[in-house]
Amino acid sequence: MGSLEWYGGQGPVLLSDQNIGTADDVGFIYYDENFLSQDEAGAIRDLILEWEPVVKDSFPNAYAGAAPDALTGRHPFFNWLNVPEFYAIVGPKLQSAFRIAFPQKSEFGVQCWANTFRENEGIAWHKHEDETTGKFFCAHLFIEGDANDSATHYQVGNDVVAIPNKRGAFYVFDSAIYHAVALRKVTSTRISIAFDMLEYDANEKRFWRFHHLKF
Ligand SMILES: [Fe+2]
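Quick summary incoming for the structure in this document. (Residues numbered from 1 in each chain as written. Predicted model: local features only at pLDDT ≥ 70, side-chain atom pairs only at ≥ 80, totals over all residues.)

## Re the sheet that holds strand β6 (residues 159-164)
Judged by pairing direction, the sheet is antiparallel, and its 4 strands sit side by side in the order β3-β8-β5-β6 without closing on themselves. Sheet topology places β3 (123-126) and β6 at the edges, where each strand pairs with a single neighbour. If you compare each strand with its neighbour and ignore which way they point, the axes differ by 20° on average. Summarising the sheet, β3 and strand β8 (residues 179-181) pair through 2 bridges and their orientation is antiparallel. Its bridge partner being in β8, Ile123 is matched across the sheet by Val181. (Pairing = 2+ DSSP bridges. Helix = DSSP H or I, 4+ residues; strand = E, 2+ residues; numbered from the N terminus. Axes fitted to C-alpha atoms, helices over the stretch in contact; angles between N-to-C directions.)

Rendered as structure tokens:
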């Protein structure tokens, strides 16, 4: 994989080269690379950077696959869809996208967290489902970074596709897909948002932390 380095080691497949591709190469369930305008992405970036110290001070890091004090590790505790200024921009766009992507569905429980990766930070190869969760849907929304220095890598069959990051781009994928972000080699901050979307069930106790999104 050239000079790329990964948090936690190489991951599930042998990486032969960077395999830069497009969204169509990954087989996303849905994507919209203009989901947010540049101004909207900038507003979300400012909100995340404003709230980041508060979120970090308020909750522990619960994730071993990123830096020890990473914002990512607060994902079980803090749902960004519950921040009104955040929801005002992202919520209606999610509803519109889901109406197209999931015409047979009308509601999800959505967990939404933010990731800020700085120099020498990234996220290890991982997938969102495990033996306890069953299958669900996941999404990435890219907020801040330069496509020349920032990509998300997805496992596709026995290969890996690198999607150069694009501000405002939104990708929906199956919870079984492994993905990672290589350790960052520039000093600017890479910002992204991730979502887990599960069939809504009012009796499911873990849904206390999910946002009930109807669409
Ligand atoms: Fe992930």
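Still more to cover.
## Quick look at the packing of helix α2 (residues 38-58) against helix α3 (residues 84-101)
Two elements in contact, α2 and α3, have axes whose closest approach is 10 Å; the angle formed by their N-to-C orientations is 155°. When the interaxial angle is binned, α2 and α3 end up roughly antiparallel. As for the relative orientation of α2 and α3, their crossing is left-handed in sense. For the pair α2 and α3, contact is made by Glu40, Ala43, Ile44 and Leu47 and by Glu85, Phe86, Ile89 and Val90, respectively. Broken down by class, the residue content of the contact of α2 with α3 amounts to 6 nonpolar, no polar and 2 charged. (Parallel < 35°, antiparallel > 145°, perpendicular 65-115°, else oblique. Left-handed = near helix turned anticlockwise from the far one by under 90°. Contact = placed C-beta atoms within 7 Å. Nonpolar A, V, L, I, M, F, W, Y, C, P; charged D, E, K, R; others polar.)

## Quick word on α2
The end-to-end C-alpha separation of α2 is 30 Å, in line with the 30 Å expected for 21 residues at 1.5 Å each. Of all the bends in α2, the largest measures some 40° and sits at Trp51, one to four residues before the proline Pro53. Where the residues of α2 are buried, they touch α3, β2 (107-117), β4 (137-144) and β9 (190-199). (Expected span 1.5 Å × (residues − 1). Bend = angle between axes of the 7 residues up to and from the residue.)

## Some points on the environment of Leu198
Residue placement: Leu198 occurs in strand β9. Judged by the 19 C-beta atoms lying within 10 Å of it, Leu198 falls in the partly exposed class. Distance in space between the C-alpha atoms of Leu198 and His212 is 9.8 Å, their sequence separation being 14 residues. (Buried ≥ 20, exposed ≤ 12 C-beta atoms within 10 Å, placed from the backbone.)

## Some thoughts on the sheet that holds β4
If you walk across this open sheet you meet the 6 strands as β1-β7-β4-β9-β2-β10, and the pairing is antiparallel. The two strands at the open ends of the sheet, each matched to only one other strand, are β1 (30-32) and β10 (211-214). Ignoring which end each strand starts from, the neighbouring axes of this sheet average 25° apart. In terms of strand pairing, β1 meets strand β7 (residues 170-174) through 3 bridges, oriented antiparallel. Note on β7: the bridge partner recorded for Tyr30 is Val172. Across the sheet, α2 touches β2, β4 and β9, and the angle it forms with β4 is around 95°.

## Considering the environment of Thr72
As for its placement among the helices and strands, Thr72 is situated in the loop between α2 and α3. Taking the C-alpha atoms as reference points, Thr72 and Lys56, separated by 16 residues in sequence, lie 9.6 Å from one another.

## Description of the nonpolar core
Of all hydrophobic cores here, the largest spans 53 residues; its most connected members are Trp80, Val110, Ala139 and Ile143. Excluding residues within four positions of it along the chain, Ile143 makes contact with Ala41, Ile44, Arg45, Ile48, Arg167, Ile191, Ser192 and Ile193. (Core = buried A, V, L, I, M, F, W, Y, C linked by C-beta atoms within 7 Å.)

## Focus on the pairing of β4
Of all 8 residues making up β4, 8 are buried, and the element is well covered by its neighbours. Strand direction decides the pairing type here: β4 and β7, joined by 5 bridges, are antiparallel. In the sheet register, Ala139 faces β7, and the bridge partner there is Val172. Where β4 lies against β9, 7 bridges are found, and the strand directions are antiparallel. Bridge pairing in β9 links Phe137 to Met197.

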